[in-house]
Amino acid sequence: MIELTSLTKRYGEFVAVDSLSLSIAAGRITGLLGPNGAGKTTTLRMIAGILEPDSGQVCIGGLDMADEPLATRAMLGFVPDRPFVYEKLTGGELLRFTAGLHGISGSAVERRIDELLDLWDLVPWKDHLVESYSHGMRQKLILSSALVHAPRLLVIDEPMVGLDPKSARILKDLLREFADRGGTILVSTHTLELAEVLCDEIAIIDRGRIAVAGTIEDLRRASESHDAGLEQLFLRITRGETDHRIASLLDALA
Amino acid sequence: MSVASEYRLLLQPKWRAALRRASSVRSRVGRLLLVGALGAAAWPVVYLTLARFLAALRQVEDIGPLLASRLLALGLLLFFGLLLLSNVIGALSGFFLARDLPALRTTPVDGLSLYLARLTETLVSSSWMVLLILVPVLAAYARVFDAGVAFLPVSVGALVPFLVIPAVVGSALTLLLVRVFPARRSRDILLVAGLGAVAVLVLVLRVLRPERLVNPESYRNLVDFLESLRGPSSPWLPSQWTADVLVDGLEGSADPLTWVLLWSTAAGLTTLGASLHGWLYPACFTRAQEGDEQKARRSGTGLEQILSGLAVRRRELILKDVRTFFRDTTQWSQLIILAVLVVVYVYNMGALPLHAGTTVSRYLTTVVLFLNLALTGFVIAAIAGRFVFPAFSLEGRTLWLLRSSPVEAGEILRSKYWTGLVPLTSLALLLTVLTNLVLGVPPVLFFLSMVSIVLLTASFTAQALAWGIFFPVFESENAAQIPTSIGGLLYMLGALGSLGLVVLCQGWALRGYFVSGLPGRVPRSVAASEAVVALVITVGVTMIAAVGSLRAAEARIESRRSG
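Residues numbered from 1 in each chain as written. Chains lettered and ligands numbered in written order. Predicted model: local features only at pLDDT ≥ 70, side-chain atom pairs only at ≥ 80, totals over all residues.

With that settled, the discussion passes to the overall build of chain A. Helix and strand counts for chain A stand at 10 helices and 10 strands. For 254 residues, the compact-globule estimate of 2.2 N^0.38 gives 18 Å, and the C-alpha radius of gyration of chain A, at 19 Å, lies within 12% of that figure. Overall size of chain A, expressed as C-alpha extent along the three principal axes, is 55 × 50 × 40 Å. Each of the 254 residues in chain A was classed as buried or not, and the buried ones make up 45%. A separation threshold of at least 6 residues defines the contact pool for chain A, and within that pool the share at least 24 residues apart is 69%. (Helix = DSSP H or I, 4+ residues; strand = E, 2+ residues; numbered from the N terminus. Rg over C-alpha atoms; globule rule 2.2 N^0.38 Å. Buried ≥ 20, exposed ≤ 12 C-beta atoms within 10 Å, placed from the backbone. Contact = placed C-beta atoms within 7 Å.)

Dropping the structure here:
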């Protein structure tokens, strides 16, 4: 469903994504993990069509994003890492607007908006301005806006930000169901427990390159850690094991 | 840490950010050249035009220098009003809406340091444009009235308190308004501030009756007229003291009392402002953090029906822009000011003594009727700058939603263009029809001015949108502040440049008609060929500006994906 080939993105001298290649099959949930500044968000923003790569290719559903930008964007729903939306629209209006951007309107859209808001217990907030929403409510609204046009692919940057335990549970079930029905999900997260439970495959990105990709078993084999959990695997692969400077810092502070 | 060190520390992020922005501009050679060229063109134009006018004024015995000083006082009074309003808006952002405030409030920073730092920020962001305009103005005065080098320190010494006073008063007004208003509607204070400013402006314009200055016959005799010029127009206002100090400086003299008045007022008000801030700010800040009005009124239903024939994407984009505009008090409250300004404008046009007697020649009357197009154009250009220029910046952090959707850049651009163009054209036509009726414009000129203003509005809307896309201000918390950016200034220069070109070209095309109004000539109406030439030129200039701007803007939106 997603085919990234030698994707590269530079910000001035800094290479954020360095010749990254990755293939994601339809009906799978893939977790993109990596330390801060590894290039996760830049990669997701290129897949979502927000940024253009300096070189390389993004293919979605067999279409090259450079050649068919509108058709590829029509297939996806995107959730950014920070839930910024139009503060002066109501929740209902925002969802109607997003559906409108995808060229759909009418009673089917209204029904879908009500279903999505109902899922997150946001129906009483439908006619309230977004500026009065809490952080978690905004996240739920953006998740709804990514789903309102029935996409085939979901690209989500940090899905659990601000969600309460009940909503987090709903989201996990929703994403699983979406994938089981043939949808494709690429999710970036720092919550390794979530990735371990939810994702069919994991890709670990470090310094703009895919360090390793596959199922957790594949990752274990690659790092020769046969019974390690995802956290240990992640730290080993990204060379981020416990820093001894913590103790000396705390000593200094004391 | 001392107050001075804290003050410097608090300002550091802002000036560092400004320096970085400047250096990033430096790295873009094309942009720098554009900014430089437009800036370099604007200053000499203002300087030379004013210098020529002042030189002509100086030739008029007795009255000339007095009129020049009165003109300076009037200009400074206008700037003072603008600065006051601008500082009220700026203070709302700096003291209450800035994103760094919650974090700053958790630190043990002294209240006085915070006040002085935010006051400085408010002052700089609200005053730089006025200062930029004052430089060629004062240079022209200095040149024409042969002021020496000493006029430079005099100008600096007069302008510092002139800028500080509205900043302090504006910040204090904002503080008091936030205190008085229910916190949930704290942004509504702009509405009150706007209405207050309108009331002051109307009062000033009507009390001063500036049209009397160009119509000495309305005075009983020359002595009365001279007396009215000699006396200060508003002796209690700092703008008058500043004008007095500057006029003294031009003459090489100095009145210590005026200096003391100006500086002691600035210092005294700053002290009072700091005390007021220390007393009220903590409670006001808390109130301002409470949420806005929760439930939205169902709006746009009528518009939905009107737009129902449009494609879904365009309809939703336009509806979104209209809804967000009318729900943002910082945006629509200024419409009230606008409405009153239009009334004042039309009224003042009617007050011009054009058809009153024989003192004004037919030639001059015709020119004034023609220049009404320039004035209306200026008003529309300014309004487009205020409401259309920020359109792209206001997408800001929500731009991801548009970019990740299957919407072409051209579609976004067109929806924003039409959202701005339709109300602006309606306003432009209203203004033109009303003023033409009040002035009694002949039919051919009437028609020409109607077509011209529609074309000019189309061009201004495109230019405002394009400049706003090339120079977006994504980080602003307040829509009213966006047009005061460098991009806003460049837009105004570009728009006024194209307006000037159209007016000059039309003037050239209609020169035969104007000349026929001179004494001794046979008056005639505009010939069809003259009107056609004027129209062709107008279509050419405005359409090149509009299409060029929109094409460049579309390309810019597309290229931002690779940025």
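With that out of the way, let us pick up the overall build of chain B. Within chain B one finds 20 helices and zero strands. For chain B, the residues scored as buried account for 38% of the 563 residues in total. Across chain B, contacts joining residues at least 24 apart in sequence account for 83% of those joining residues at least 6 apart.

The strands that make up a sheet pair up through hydrogen bonds in the backbone, lying either parallel or antiparallel. Residues and elements named next belong to chain A. Pairing is mixed across the open sheet formed by six strands, whose spatial order is β6-β7-β8-β3-β9-β10. With partners counted over all chains shown, the strands left at the sheet margins are β6 (76-79) and β10 (209-214), one partner each. For this sheet the average axis-to-axis angle between neighbouring strands, irrespective of direction, equals 15°. The pairing of strand β3 (residues 29-33) with strand β9 (residues 201-206) spans four bridges and is classified as parallel. Bridging across to β9, L32 finds its partner in A203. Of the strands in this sheet, β3, β7 (153-157) and β8 (184-188) touch helix α6 (residues 165-180), which is tilted by about 145° from β8. Across the sheet, helix α8 (residues 216-223) lies against β9 and β10, angled at about 120° from β10, the strand it touches most. (Pairing = 2+ DSSP bridges. Axes fitted to C-alpha atoms, helices over the stretch in contact; angles between N-to-C directions.)

If you look at the biggest cluster of nonpolar residues, it comprises 186 residues, and the most contacted ones within it are V155, I185 and L186 of chain A together with A384 and L465 of chain B. Apart from residues no more than four positions distant in its own chain, V155 of chain A is found in contact with L44, I47, A48, L76, F78 and L186 of chain A. Of all hydrophobic cores here, the second largest spans 10 residues; its members include L448, L510, V526 and A534 of chain B. (Core = buried A, V, L, I, M, F, W, Y, C linked by C-beta atoms within 7 Å.)

Turning next to the sheet that holds strand β2 (residues 14-24) of chain A. Residues and elements named next belong to chain A. With antiparallel pairing, four strands are arranged side by side in an open sheet as β2-β1-β4-β5. The open sheet has two edge strands with one neighbour each: β2 and β5 (63-64). Here strand β1 (residues 2-11) runs beside strand β4 (residues 55-60); their pairing, made up of five bridges, is antiparallel. The residue bridging L4 from the neighbouring strand is V58, located in β4. On top of the sheet, helix α1 (residues 40-47) reaches β1, β2 and β4; it is set at about 120° to β1, its chief contact.

With that settled, the discussion passes to the interface of chain B and chain A. Often, the extent of an interface is quoted as the loss of accessible area on bringing the components together. Counting residues at the interface gives 26 residues for chain B and 30 residues for chain A. Elements that contribute at least two residues to the side of chain B that touches chain A include exactly α12 (312-327) and α15 (399-403) of chain B. The element that contributes the greatest number of residues to the side of chain B that touches chain A is α12 of chain B, accounting for eight residues. When grouped by side-chain class, the residues that make up the side of chain B that touches chain A number six nonpolar, seven polar and 13 charged. (Nonpolar A, V, L, I, M, F, W, Y, C, P; charged D, E, K, R; others polar.)

A few words now on helix α6 (residues 151-180) of chain B. The α-helix advances 3.6 residues per turn, and as a result positions three or four apart in sequence lie on the same side. Taking 1.5 Å per residue, 30 residues should reach 44 Å; α6 of chain B reaches 44 Å between its end C-alpha atoms and fits that length. Of all the 30 residues making up α6 of chain B, 22 are buried; the element is thus mostly covered by neighbouring parts of the structure. (Expected span 1.5 Å × (residues − 1).)

In this section: the environment of T425 of chain B. Residues and elements named next belong to chain B. In this fold, T425 is placed in helix α16 (residues 409-439). On a C-alpha basis, the gap between T425 and V454 in space is 6.0 Å, while along the polypeptide they are 29 residues apart. Ignoring any residue separated from it by four or fewer positions in sequence, one finds T425 in contact with V454 and T457.

On to the pairing of β7 of chain A, then. All names here are of chain A. Counting buried residues in β7 gives five out of five residues, a clear majority hidden from the surface. Neither face of β7 is open: one carries L153, V155 and D157, the other L154 and I156, and all of them are buried. In terms of strand pairing, β6 meets β7 through four bridges, oriented parallel. Bridge pairing links G77 to L154 in β7.

This part covers helix α3 (residues 91-101) of chain A. The buried fraction of α3 of chain A amounts to 11 of the 11 residues, a majority that puts the element mostly inside the structure. Contacts made by the buried residues of α3 of chain A are with α4 (107-119) and α5 (135-147) of chain A together with α12 and α15 of chain B. G103 of chain A occupies a position one or two residues after α3 of chain A and carries a positive phi of about 80°.

The next point concerns unusual backbone geometry. Here the phi dihedral of R207 of chain A falls at roughly 50°; this positive angle occurs in a residue that is not glycine. By secondary structure assignment, the location of R207 of chain A is in the loop between β9 and β10. By the C-beta count within 10 Å, which is 15 here, R207 of chain A ends up partly exposed. Of note, the phi angle at D146 of chain B is positive, near 50°, even though the residue is not glycine. Looking at the element boundaries, D146 of chain B is found in the loop between α5 (111-144) and α6.

The next point concerns the packing of helix α3 (residues 63-97) of chain B against helix α9 (residues 238-251) of chain B. All names here are of chain B. The contact between α3 and α9 brings their axes to 8 Å, and the two run at 140°. With respect to α9, the axis of α3 lies oblique. Seen from above, α3 lies across α9 with right-handed handedness. Listed contacts from α9 to S69, L72, A73, L76, L77 and F80 of α3 are P238, S239, Q240, T242, A243, L246 and V247. Taken together, the residues that form the contact of α3 with α9 break down as nine nonpolar, four polar and no charged. (Parallel < 35°, antiparallel > 145°, perpendicular 65-115°, else oblique. Left-handed = near helix turned anticlockwise from the far one by under 90°.)

Okay, the packing of α3 of chain A against α12 of chain B next. At a minimum axis distance of 8 Å, the contact between α3 of chain A and α12 of chain B shows a crossing angle of 145°. Crossing hand, α3 of chain A versus α12 of chain B: left-handed. Touching E93, F97, G100 and L101 of chain A of α3 of chain A are V312, R313, R315, E316, K320 and R323 of chain B, all from α12 of chain B. Of the residues that constitute the contact of α3 of chain A with α12 of chain B, the class distribution is three nonpolar, one polar and six charged.

What follows is about the environment of N436 of chain B. Residue and element names in this part refer to chain B. Residue placement: N436 occurs in helix α16. By the C-beta count within 10 Å, which is 23 here, N436 ends up buried. Not counting the four nearest positions on each side in its chain, N436 is found in contact with V441, F446 and S449.

Attention shifts here to the pairing of β3 of chain A. Of all five residues in β3 of chain A, five are buried; the element is thus mostly enclosed. Where burial is concerned, the two faces of β3 of chain A agree: the one with I29, G31 and L33 of chain A and the one with T30 and L32 of chain A are both buried.

Turning our attention to the environment of L369 of chain B. Note on placement: L369 of chain B falls in helix α14 (residues 362-387). Sequence separation of L369 of chain B and T435 of chain B is 66 residues, and the distance between their C-alpha atoms is 9.0 Å.

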